[in-house]
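Okay, here's what each chain looks like letter by letter:
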Amino acid sequence: MLNNYLSDFRILKKYINHNNHIFKKNEYKNQIFLVEFNGWQGIQIAFSYLINFFSQNKKCKIIAFNSYNLFEHNQESLLSKIKWNIGKFFKIKNFGVYASFGVSDFIKPKYDSSIKNHSLKKVKQFYKKEKKLKDLESFCLEGIWIGDLIYDSYLKKYLVKTIDLNCNNFKSFFFECLCNFYYWHNYFKKQKIKGIVVAHAVYVSGIPSRIAEYKNILNFSFEGSNLVNGTNKTSYKKRENTTGIYFRYYRELFKKFKKSQAYTNIGLGQKYLKELIEGKRKYYYLKKTAFFKKKNSINYFKCHEKKIKVIIYPHLFTDSPHVYGNHFFPDFYEWFMFLEKIVKKTDYDWYLKPHPQEDHLTKKTIDLFIKKNPSIKLLPRNLSNSYIASKKIDFALTVYGTIASELSAYGIKVINASKNNPHFNYNFCINPKDIKEYRKIILNLKKNNFKINKQDLFEFHYMKKHYSDFDNFLFTDLDKYFKYNNQMRRIILTNDCYKLWLEDFSIKRHKDIIRMYENFIKSGEYMITKSHL
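Residues numbered from 1 in each chain as written. Predicted model: local features only at pLDDT ≥ 70, side-chain atom pairs only at ≥ 80, totals over all residues. Heavy atoms only, no water.

A. Inspection of the overall build of the protein at higher detail. Helix and strand counts for the protein come out as 19 helices and 13 strands. In summary, the protein has a C-alpha radius of gyration of 24 Å against a globular reference of 24 Å for 533 residues, a match within 12%. For the protein, with 533 residues in total, the buried portion stands at 55%. Accessible surface for the protein amounts to roughly 25,600 Å². Of this, 51% is attributable to carbon and sulfur atoms. (Helix = DSSP H or I, 4+ residues; strand = E, 2+ residues; numbered from the N terminus. Rg over C-alpha atoms; globule rule 2.2 N^0.38 Å. Buried < 20%, exposed > 50% of the residue type's maximum accessible area, 1.4 Å probe, protein only. Areas by Shrake-Rupley, 256 points an atom, 1.4 Å probe, with all protein chains shown as cover.)

B. Main features of the pairing of strand 12 (residues 395–398). On strand 12, burial covers both faces: Phe395 and Leu397 on one face and Ala396 and Thr398 on the other are all buried. Pairing analysis gives three bridges linking strand 9 (residues 309–312) to strand 12, with the strands arranged parallel. Within the sheet, the bridge partner assigned to Val310 lies in strand 12 and is Phe395. Bridging between strand 12 and strand 13 (residues 413–416) involves four bridges; their strand directions are parallel. (Pairing = 2+ DSSP bridges.)

C. A look at helix 5 (residues 113–126). Here helix 5 spans 20 Å end to end across 14 residues, near enough to the 20 Å set by a 1.5 Å rise per residue. Taken as a whole, helix 5 has its buried residues at Ile115, Ser119, Val123 and Phe126. All buried residues of helix 5 project into a common sector of 70° when viewed along the axis, lining one side. Among the exposed residues of helix 5, those oriented more than 90 degrees off its buried face are Ser113, Asn117 and Lys124. Looking at the buried positions of helix 5, the neighbouring elements they touch are helix 6 (133–137) and helix 8 (168–190). (Expected span 1.5 Å × (residues − 1). Arc of directions from axis to C-beta. Contact = heavy atoms within 4.5 Å.)

D. A look at unusual backbone geometry. Phi at Lys392 is positive, roughly 55°, even though this residue is not glycine. Checked against the element boundaries, Lys392 lands in the loop between helix 14 (385–389) and strand 12. On the basis of relative accessible area, Lys392 is assigned to the exposed category, the value being 64%. A positive phi angle is found at Met488, which is not glycine, with a value near 60°.

E. Representation of the nonpolar core in the model. Counting 77 residues, the largest nonpolar core has Ile312, Trp335, Trp350, Leu397, Ile415, Tyr438 and Ile442 as the members making the most contacts within it. Those residues in contact with Ile312 that sit more than four places away from it in its chain are Trp335, Phe336, Leu339, Trp350, Tyr351, Leu352, Lys353, Ile376 and Leu397. Phe23, Val35, Ile62 and Phe475 belong to the second-largest nonpolar core, a separate cluster that totals 57 residues. (Core = buried A, V, L, I, M, F, W, Y, C linked by side-chain atoms within 4.5 Å.)

F. Highlighting the packing of helix 7 (residues 147–158) against helix 8. Contact pair helix 7 / helix 8: the axes reach a minimum separation of 11 Å and the direction vectors enclose 125°. The orientation of helix 7 relative to helix 8 falls into the category oblique. In terms of crossing hand, the pair formed by helix 7 and helix 8 is right-handed. Across the interface between the two elements, Ile150, Ser153, Tyr154, Lys157 and Tyr158 of helix 7 pack against Asn169, Phe170, Phe173, Phe174, Glu176, Cys177 and Leu178 of helix 8. Split into classes, the residues belonging to the contact of helix 7 with helix 8 amount to eight nonpolar, two polar and two charged. (Axes fitted to C-alpha atoms, helices over the stretch in contact; angles between N-to-C directions. Parallel < 35°, antiparallel > 145°, perpendicular 65-115°, else oblique. Left-handed = near helix turned anticlockwise from the far one by under 90°. Nonpolar A, V, L, I, M, F, W, Y, C, P; charged D, E, K, R; others polar.)

G. Structural detail: the sheet that holds strand 7 (residues 218–223). Reading across the sheet, the six strands line up as 3-2-1-6-7-8 and stay open at both edges, with mixed pairing between neighbours. The open sheet terminates on both sides in strands that have one partner only, identified here as strand 3 (103–107) and strand 8 (226–229). Direction aside, neighbouring strands of the sheet carry axes that sit 25° apart on average. As judged from the four bridges shared by strand 1 (residues 32–36) and strand 6 (residues 193–198), these two strands associate in the parallel manner. Considered in strand 6, the bridge of Leu34 is made with Ile196.

H. The arrangement of the packing of aromatic side chains in detail. Tallied over the entire structure, the rule returns 65 aromatic pairs. Aromatic side chains Phe301 and Tyr351 sit 4.7 Å apart centroid to centroid with 55° between the ring planes, which places their arrangement in the tilted category. With Phe301 in the loop between helix 11 (259–277) and strand 9 and Tyr351 in strand 10 (residues 349–352), this residue pair connects regions lying 50 residues apart in the sequence. Phe301 gets classed as buried once you look at its relative accessible area, which sits at 5%. Their ring planes at 55° and their centres at 5.8 Å tell us that Phe328 and Tyr438 sit as a pair that is tilted. With Phe328 in the loop between strand 9 and helix 12 (332–345) and Tyr438 in helix 15 (residues 435–443), this residue pair connects regions lying 110 residues apart in the sequence. Each member of the aromatic cluster is reached from another via a ring pair, and the members are Phe126, Tyr127, Phe139, Tyr154, Tyr158, Phe170, Phe173 and Phe174. Sitting above the plane of the Tyr484 ring, Lys287 keeps its charged end 4.9 Å from the centroid. Lying over the aromatic face of Tyr283, Lys464 brings its terminal NZ or CZ to 4.2 Å of the ring centre. (Phe/Tyr/Trp six-rings, centres within 6.5 Å; stacked < 30°, edge-to-face > 60°. Lys NZ or Arg CZ within 6 Å of the ring centre and 35° of its normal.)

I. Representation of the packing of helix 1 (residues 2–22) against helix 18 (residues 495–504) within the structure. Packing of helix 1 against helix 18 brings their axes to within 9 Å, and their N-to-C directions diverge by 50°. Taken together, helix 1 and helix 18 sit at an angle that is classed as oblique. Helix 1 and helix 18 meet at a crossing whose hand is left-handed. Every residue of helix 18 that contacts helix 1 at Asp8, Ile11, Leu12, Lys14, Tyr15 and His18 is listed here: Asn495, Asp496, Tyr498, Lys499, Trp501 and Leu502. For the contact of helix 1 with helix 18, the residue count by class is six nonpolar, two polar and four charged.

Shown next, in the form of structure tokens:
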């Protein structure tokens, strides 16, 4: 253990010295650029180049802020306060990392009596009338949409599948979130903020980003493996947020290709999809592929040839249900309650395939769901999707999962439970416009004559491969950075990420990244593409 500690310390010190050497420290004017303070190494690397632009080119004062205090279960102790102040003063660990790329101050939200009193007043106003979960997820404060952030954060913090709006835990958390909002609302009023960058634009850590968005201030976040520009990208009308929304631009970008190039790209998309469903490729963020060939001695599927076979693909219940925005159901448990009613009204063969990274809460919830609905057959979590596809499944259900762009290749019709899903602009899966149409479609599967558009499917996969964080321009090899170490942690979230980064570093690459970020920021576009290189 001591050797590991010393090794981590040496890597950290080497990375800090590296930054001190390559990033210049400039005098700043009165504009502030805010950067989220966290301990995620890969994200810090991305932050460093963004911060460099605003420090060097815009002469901003760089201030790091703590945004995860609302996820702590206990009030901040005296010891925690002392550790923060010592770390801040002596630039220890992450304080040293942030200081090495230009951060000059570190702050934490503090709530005075006026903030608390005003927040309590707003809580009472919210509860004046009986509220439903839909009211919470669309909740706005001072005209700024934050309900989805509060919703997902509560599920994550308390590890619950849904929310009881009248329980004391939630009321207390709701109050704290409103205090946090008003702290940042006041801060943005008093200070000249040029921009902000956060690790995730979901959860309550995204509250200052939403305020920046509302005020038309530059706001960035780290999505998957690189930065995106969320400025003016949130849709209040459609309740679409800015997290991982590369797919919104796929159609528009693909139309810019010449006819011959578009034809070639369709072929490349087909090839990429084929490799995915044959298990030769996997998404960089997965431990292993869900598509593989393996003989199964057990036949998990019923032999009712005339019955329609439907398989449910659940999500993780606490994993940010509103990641792309609002859906037909405020959370995945509410989706399950809806499906329970549908199952009882139909004569289909129903199956459920657990999520490959199923956690304890999700497993427990699914086990109870199956117990209440014995007509649904629970499949093994590690059962290959290749095997499932070979069993003539007719339909699959998801809210917004990647399965919609995978099982379609086998001719399985996938029905999404959201308009805010990555596949909505394409015709390779079924995209109802609202919950009424969603119900009608599922109850009438025998009459369904939807045709899967394979051209759309191949186009989508080409764009996903080359116009999202999959085609990365920051880290040279995503598989290398996202693989797991001996402690089962992703390398990109350990000090080994610094080590890999320094091994890959060159002055030429450093200058290329600076130029890429500069072009990206000036373009105002959502994602980094080859045009910014």
